[in-house]
Amino acid sequence: MKEVSVAELQEKAIELRKTAITMIFEAQSGHPGGSLSAADIITALYFKEMNIDPQNPKWEDRDRFVLSKGHVAPIQYAALALRGFVSYENVYKLRQYGSPFQGHPDMKKCPGIDISTGSLGQGLSCGVGMALAGKRDEKDYRVFAMVGDGECQEGQIWEAVQTAVKYKLDNLIVFVDNNRLQIDGFCEEIMPLQDIEKKFEVFGFETKRIDGHSMEEIVQTLDEVTKAKNGKPKCIIADTIKGKGVSYMEDICSWHGVAPNEQEYEQALEELAGGLR
Amino acid sequence: MSLTEKAVITKKATREAFGDEIVKLGKENKNIYVVDIDIGKSCKTGEFIKQLPNQHVNVGIAEQNGAGLAAGLATTGKIPFISTYAVFGSLRMAEQIRQEACYPNLNVKVACSHGGLTPGSDGGSHQAVEDMGVYRTMPNMTVIMGADYHSTRKLIEQAANTYGPMYLRFTRDAVPMIYDENEEFEIGKAKQLKDGNDVAIIANGDTVYLALQAAKQLEEEGISVKLLDMHTIKPLDRNAVVECLEIGKIVTVEDHNILNGLGSAVSEVVAEEGKGKVKRIGIQDRFGESAPYEKLMELNGITIENIVTSAKELLN
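Numbering of residues begins from 1 in every chain and follows the order in which that chain's sequence is written. The naming scheme follows written order: chains are lettered A onward, ligands numbered 1 onward. Side-chain atom pairs in this predicted model are given and counted only at pLDDT of 80 or more, local residue features only at pLDDT of at least 70, and totals for whole chains, interfaces and linings cover all residues. Only hydrogens and water are set aside when side-chain values are computed; all heavy atoms of the structure are taken into account.

Asker: Would you mind going over the overall build of chain B in detail, with residue names and values included?
Answerer: What counts as a helix is a DSSP run of H or I of at least four residues, what counts as a strand is a run of E of at least two, and both are numbered from the N terminus. From N to C terminus, chain B includes 13 helices and 14 strands. For 316 residues, the compact-globule estimate of 2.2 N^0.38 gives 20 Å, and chain B sits close to it at 19 Å. Along the first, second and third principal axes, the C-alpha atoms of chain B reach 60 × 40 × 35 Å. Within chain B, the fraction of its 316 residues that count as buried is 64%. Once local pairs closer than 6 in sequence are excluded, the contacts in chain B between residues at least 24 apart make up 79%. Carbon together with sulfur atoms contributes 46% to the accessible area of chain B, which is approximately 11,400 Å² in total. Taking the average place of the 34 positive charges on the side chains of chain B and the average place of its 43 negative ones, the gap between the two points comes to 2 Å. Atoms considered for the radius of gyration are the C-alpha atoms alone. The globule rule reads 2.2 Å times the number of residues to the power 0.38. The cut-offs for exposure are 20% and 50% of the maximum accessible area for each residue type, with area from a 1.4 Å probe on protein chains only; residues under the lower value are buried, those over the upper are exposed, and the others partly exposed. By the convention used here, residues are in contact when the closest approach between their heavy atoms is within 4.5 Å. Calculation of accessible area relied on Shrake-Rupley with a 1.4 Å probe; when residues are assessed, cover is drawn exclusively from the protein chains displayed. When charges are counted, neither His nor the chain ends are considered; positive counts come from Lys and Arg and negative counts from Asp and Glu. Note that the charge is assigned to NZ on lysines, CZ on arginines, CG on aspartates and CD on glutamates.

Asker: Describe in detail the overall build of chain A, supporting the description with residues and values.
Answerer: Scanning chain A for helices and strands turns up nine helices and seven strands. Computed over the C-alpha atoms, the radius of gyration of chain A is 17 Å, within 12% of the 19 Å expected from 2.2 N^0.38 for a compact globule of 277 residues. When burial is assessed residue by residue, chain A has 61% of its 277 residues classed as buried. Counting only carbon and sulfur atoms, one obtains 47% of the accessible surface of chain A, whose full area is about 10,600 Å². Seen as two clouds, the 32 positive and the 43 negative side-chain charges of chain A have centres 6 Å apart.

Asker: Lay out helix 9 (residues 262–273) of chain A in plain terms, naming residues and giving numbers.
Answerer: All names here are of chain A. Here helix 9 spans 17 Å end to end across twelve residues, near enough to the 16 Å set by a 1.5 Å rise per residue. Of the residues making up helix 9, those classed as buried are Tyr 265, Ala 268 and Leu 272. When helix 9 is viewed along its axis, its buried side chains cluster within an angular range of 60° and face the same direction. Residues of helix 9 that are exposed and point more than 90 degrees away from the buried face comprise Glu 262, Gln 263, Glu 270 and Ala 273. Here the expected span of a helix is defined as 1.5 Å times the quantity of residues minus one. An arc is given here, and it is the one of the directions from the helix axis to the C-beta atoms.

Asker: Break down the side chain of Gln 99 of chain B for me, citing the residues and quoting the values.
Answerer: Take Gln 99 of chain B: it is sitting in helix 6 (residues 94–102). Beyond its immediate sequence surroundings of up to four residues, Gln 99 of chain B is in contact with Ser 119 and Gln 122 of chain A together with Pro 104 of chain B.

Asker: So what about the interface of chain A and chain B? Which residues, and what values?
Answerer: On the chain B side, the residues contacting the 26 residues of chain A number 28 residues. Note on definitions: buried area is the accessible-area loss of two parts on being combined, 1.4 Å probe, summed for both. Buried area between chain A and chain B, both sides added, is near 2,100 Å², and the carbon and sulfur share of it is 49%. Contact with chain B buries surface across chain A, with Gln 122, Arg 136 and Glu 159 of chain A losing the most and accounting together for 26% of the total. Salt bridges are defined as contacts in which a side-chain nitrogen from Lys or Arg sits within 4 Å of a carboxyl oxygen from Asp or Glu. Counting across the interface, chain A meets chain B through one salt bridge. The salt bridge involving Lys 78 of chain B is made with Asp 137 of chain A; its shortest N-O contact spans 2.7 Å. Polar contacts, as counted here, are pairs of nitrogen or oxygen atoms within 3.5 Å of one another; within protein the pair requires one atom able to donate a hydrogen and one able to accept it, and residues that are adjacent in sequence qualify only if both atoms are side-chain atoms. Applying the counting criterion to the chain A and chain B interface returns 14 residue pairs in polar contact (both at pLDDT 80 or more). At the level of elements, helix 4 (123–136) and helix 5 (155–166) of chain A are the ones that each hand at least two residues to the side of chain A that touches chain B. Sort the elements by how many residues they give to the side of chain A that touches chain B and helix 4 of chain A lands first, with eight residues.

Asker: So what about the domain arrangement of chain B? Which residues, and what values?
Answerer: Residues and elements named next belong to chain B. The domain boundaries here were taken from an automatic or database domain assignment. The assigned domain composition of chain B is domain 1 (10–176) and domain 2 (191–311). Each of domain 1 and domain 2 was reduced to a C-alpha centroid, and the two centroids are 25 Å apart. Across the contact, 35 residues belong to domain 1 and 32 residues belong to domain 2. Here domain 1 and domain 2 share an interface that buries about 2,400 Å² over both sides, 57% of which is from carbon and sulfur atoms. The largest contributions to the domain 1 side of the interface with domain 2 come from Leu 117, Val 129 and Arg 136, which together make up 33% of the buried area. Linking domain 1 with domain 2 are one salt bridge, by the criterion used here.

Here it is as structure tokens:
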């Protein structure tokens, strides 16, 4: 855990957003919408909360991070590049041949990736395995996982959830990036999730609901849930906006998986320079 | 080789080999884990649960999660053996094993009972005819089926001590014991049971015993047989197959679809080498049904008689 102010983290989150957008613009491919909705949480984890060592990415006592919604890799790559796990030059190599920044996170190619993901619904199970191993080995590391709300349509998420509860994995903290959108439209129209917080709660998780773009709330909630050694896995429903920080992308479904053109890219950087509105 | 003369009266299901060996391995190495998908009783993990509860996980009836959880364990240095039936272990969790074990090349073992037609009475829904083929096409995966109790134990032991994702397939029903407990096996290396020069028979799993009996009959008729137990179909012991091409006539036998199993793997080598002829004996690209195991084998021509006939046809 690092001593860092909310203001510094907010600034860092802007830098991460710019880096992710640059990556996607350079590649002319990638997923900007979800990268931007996840940006503030990823920043809080990588620049404050997680005990990690860029010099020793496989350190066995490190905290783990599982990006179950693997398509928003650019925002995790931005964190890894800015945190020094990989050289910044790779920002210009997203989705290119030989790059550590594959289309979806690849633990064999990129230092700092704890598990390869990309097929939705699967990452959380891996996180449960990591957290269980930590408990059995009496280690203090925590496992942070991020799933999408659309991703929670996958049945396997709930298989993983019930297992985390059974084995009392209070070292597992799951963020739901609740941006309400998926490729084909609003989740509510494609396949309604009902009350997602209540669902986690009745499965046996301790739940919190926050504004996923309020750095104060993210930091404070992480502080609370990581202190609670109560045998309950934790779920933080983070209400977010897909595309947050770039006005023309916000809440627009079609920005799920397309790259901005040059003019759009310039506008995005300009808007982000002014901070989050 | 003396082992071919061993008494074949004793029978034991190779799932018993898993149940016994995994306890021994788990005691030696605390990183060995068993991930059960509810059916531990049937997959013979009961003793492991009793003796090594801290190395055991049961995820309930949730194969996909079991596979992912095992991958998560593997990232921390554990060696998880996922234990279930072959149909579920190869198909219900196929994508999870692909994405989270094979793609990142993690040390996850999928150990499955009820391979092939051995769960006779359960019917077609539970008889895995395509499992080895599914896993044979996944990069990084190793695919193994031992012929009997002792060889299966040895192969499990070696699997535990060899890094990488692996699929191990066992029989539900009892199959004859062929090998001595001191016999050694190497993953990826065929076991030669007989050397001969008229015809080669390559078999695996529960059909090795049938092939052995067929070879004896052929020998009695003056036909010299080379017999290989190809317990690992991936990586295939290519050299062993190429050596059979000096004979040029090969019969393959397997308790698996003739598509994409042992017969296919051998045929690929033969075709690439451009010489030799293969006759494939196995499940005839169809599903099973409830019946005694032996009856199902007969329906598919996986019999001593058919192996003998096929060998003779190749000779003519």
